[in-house]
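Read off the chains here:
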Amino acid sequence: MSLFNIMKIASTGMGAESVRLNSTASNIANANSVSSSYEDTYKARHPVFAAALQEANADMTKGTGVKVLGVVESNKPLQVEYAPGNPLADENGYIYKPNVNIVEEMADMLSASKGYETNVQIADTTKRIFRRVLQLGQGQ
């Protein structure tokens, strides 16, 4: 495997983890919002990743990067709370809260952060190897 391929794979990993961190941050930021209707309530968002399998199967000596296929809304039910005193309550006295679980989001954020950090370390190590190879070419 070429060192350039390693850099490409690490960069796709960093891009994917960046999308994951952004969606997690959005979920946490909107976790305590309320709405007066089911349709207007924020729904948790999660990225969908896939390996570039066709590229990997075409040449087994190359690694496989990550593709972000998109970001989907969670299909978990929203939290419905009876709060007739709330100014956002509907005509039946209910407010709607997002389907965001803060504990899950924090765990996902830590995992994404570690994944990003690992890809940065891979790219950094590859860069050091490039330098050593160049130094060998200079006779040092």
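It should be emphasised that the depicted structure is a prediction, and the values quoted were computed from it without experimental measurement.

Caption draft 1: Structural view of the pattern of salt bridges. Throughout the structure, instances matching the rule amount to eight salt bridges. When salt bridges that share partners are traced, they join E17, R20 and D108 into one network.

Caption draft 2: Seen up close, the packing of aromatic side chains. Scanning the model with the defined rule gives three aromatic pairs in all. Seen from their ring centres, F4 and F130 are 5.1 Å apart, and the 45 degrees between their planes marks the pair as tilted. Here F4 is found in helix 1 (residues 3-29), whereas its partner F130 is found in helix 3 (residues 102-137), with 126 residues between them in sequence. Note on F4: relative accessible area 60%, which makes it exposed. Ring centres 5.3 Å apart and planes at 65 degrees place the aromatic pair Y82 and Y94 in the edge-to-face group. With Y82 in strand 3 (residues 79-82) and Y94 in strand 4 (residues 94-97), this pair connects stretches of sequence that are 12 residues apart. Take Y82: its relative accessible area is 53%, and that puts it in the exposed class.

Caption draft 3: Spatial organisation of the environment of A89. The residue A89 is located in the loop between strand 3 and strand 4 in this model. Between the C-alpha atom of A89 and that of A16, which follows or precedes it by 73 residues, the distance is 38 Å. Apart from the residues lying within four places of it in its own chain, the contact partners of A89 are S36, A83, P84, Y94 and I95.

Caption draft 4: Local environment of the side chain of D90. Structurally, D90 can be placed in the loop between strand 3 and strand 4. Lacking a salt bridge, the buried D90 has K43 as its closest oppositely charged neighbour, with an N-O distance of 13 Å. At a separation of 2.8 Å, a polar atom in the side chain of D90 contacts the main-chain amide nitrogen of Y94. Residues within four places of D90 in sequence aside, it is in contact with S36 and Y96.

Caption draft 5: Looking closely at helix 1. With 27 residues, helix 1 should reach 39 Å at 1.5 Å per residue; the first-to-last C-alpha distance of 39 Å fits that figure. Among the residues of helix 1, those classed as buried are A10, G13, M14, A16, E17, R20, S23, T24 and N27. On its buried face, helix 1 is in contact with strand 1 (45-51), strand 2 (66-73) and helix 3. You can read the cap of helix 1 off the contacts: a side-chain oxygen lies 3.0 Å from the backbone nitrogen of F4, and it is on S2.

Scoring rules and cut-offs
Residues numbered from 1 in each chain as written. Predicted model: local features only at pLDDT ≥ 70, side-chain atom pairs only at ≥ 80, totals over all residues. Heavy atoms only, no water. Salt bridge = Lys/Arg side-chain N within 4 Å of Asp/Glu carboxyl O. Phe/Tyr/Trp six-rings, centres within 6.5 Å; stacked < 30°, edge-to-face > 60°. Helix = DSSP H or I, 4+ residues; strand = E, 2+ residues; numbered from the N terminus. Buried < 20%, exposed > 50% of the residue type's maximum accessible area, 1.4 Å probe, protein only. Contact = heavy atoms within 4.5 Å. Lys, Arg positive; Asp, Glu negative; His and termini not counted. Polar contact = N/O pair within 3.5 Å; in protein donor to acceptor, adjacent residues only side chain to side chain. Expected span 1.5 Å × (residues − 1).

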